[in-house]
Amino acid sequence: EVQLVESGGGLVKPGGSLKLSCAASGFTFSSYAMSWVRQTPEKRLEWVATISSGGSYTYYPDSVKGRFTISRDNAKNTLYLQMSSLRSEDTAMYYCARRKGLRDAMDYWGQGTSVTVSS
Amino acid sequence: DIQMTQSPSSLSASLGGKVTITCKASQDINKYIAWYQHKPGKGPRLLIHYTSTLQPGIPSRFSGSGSGRDYSFSISNLEPEDIATYYCLQYDNLLTFGGGTKLEIK
């Protein structure tokens, strides 16, 4: 059974940093691209980052580029999202999701970890 | 960046009825659209990808169609467990979600 379990969320002050993790199991992690997607308090879904299966290629929207870094450890079956210079608008539920490739939709998602940016 | 305009933002329908949601892309997305069901406390569930391909295990009550910039998603024979918010996603060029449609049962 495919499982994705996010962790690392919490309350952080504006300008602070946080690192999210996503533990994967039930599939060959190294064969899949992975993405982070967030749901804002207004219930909008926003793509945050994508990494290729081998980790060589990463993609970000302009809203987080230069502040967020996606990475992965295929030996540990774990995906990461390092977030820095956090803003109030980064407050959201963060989900990790797997993709077969960059021309595929995300087919399995975790249950999310909550990040609140507030002073 | 590609924008996705999803409508309606909410709708109410009767059990056994049919609903249709539309998504309009700001440019041709070559049928690279997926539809998700999202319930509180869970991750989104992929229902349909590449416009009309059902994920394994998804009942045929769910369907999708479209081309170019215009796409639609339908649920027929509505059941109580269909109460959720539905989102479209374009993945032709990076990723962009529609604004979501909250479905309620009358």
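Here, the structure is the one placed above.
An account of the accompanying structure is given in this report. If you're wondering where the values come from, they're calculated on a predicted model, not measured in any experiment. (Residues numbered from 1 in each chain as written. Chains lettered and ligands numbered in written order. Predicted model: local features only at pLDDT ≥ 70, side-chain atom pairs only at ≥ 80, totals over all residues. Heavy atoms only, no water.)

## Points about the pairing of strand β11 (residues 113–117) of chain A
Put simply, side chains in a regular strand alternate between the two faces of the sheet.
Residue and element names in this part refer to chain A.
So, point 1. Side-chain alternation along β11 places T113, V115 and V117 on a buried face and S114 and T116 on a face that remains uncovered.
So, point 2. Pairing analysis gives three bridges linking strand β2 (residues 10–12) to β11, with the strands arranged parallel. Counterpart to G10 in the pairing with β11 is V115.
So, point 3. Looking at chain direction, strand β9 (residues 92–99) and β11 are connected through three bridges and run antiparallel. Note that in β11 the partner of Y94 across the bridge is T113. (Buried < 20%, exposed > 50% of the residue type's maximum accessible area, 1.4 Å probe, protein only. Helix = DSSP H or I, 4+ residues; strand = E, 2+ residues; numbered from the N terminus. Pairing = 2+ DSSP bridges.)

## With respect to the sheet that holds strand β1 (residues 4–7) of chain B
All names here are of chain B.
So, point 1. Reading across the sheet, the four strands line up as β1-β3-β8-β7 and stay open at both edges, with antiparallel pairing between neighbours. Of all the strands in the sheet, just β1 and β7 (62–67) have a single pairing partner and so form its edges. Here the strands of the sheet are splayed against their neighbours by 15 degrees on average, with no regard to which way each runs.
So, point 2. The pairing of β1 with strand β3 (residues 19–25) spans four bridges and is classified as antiparallel. Counted as the bridge partner of S7 is T22 from β3. (Axes fitted to C-alpha atoms, helices over the stretch in contact; angles between N-to-C directions.)

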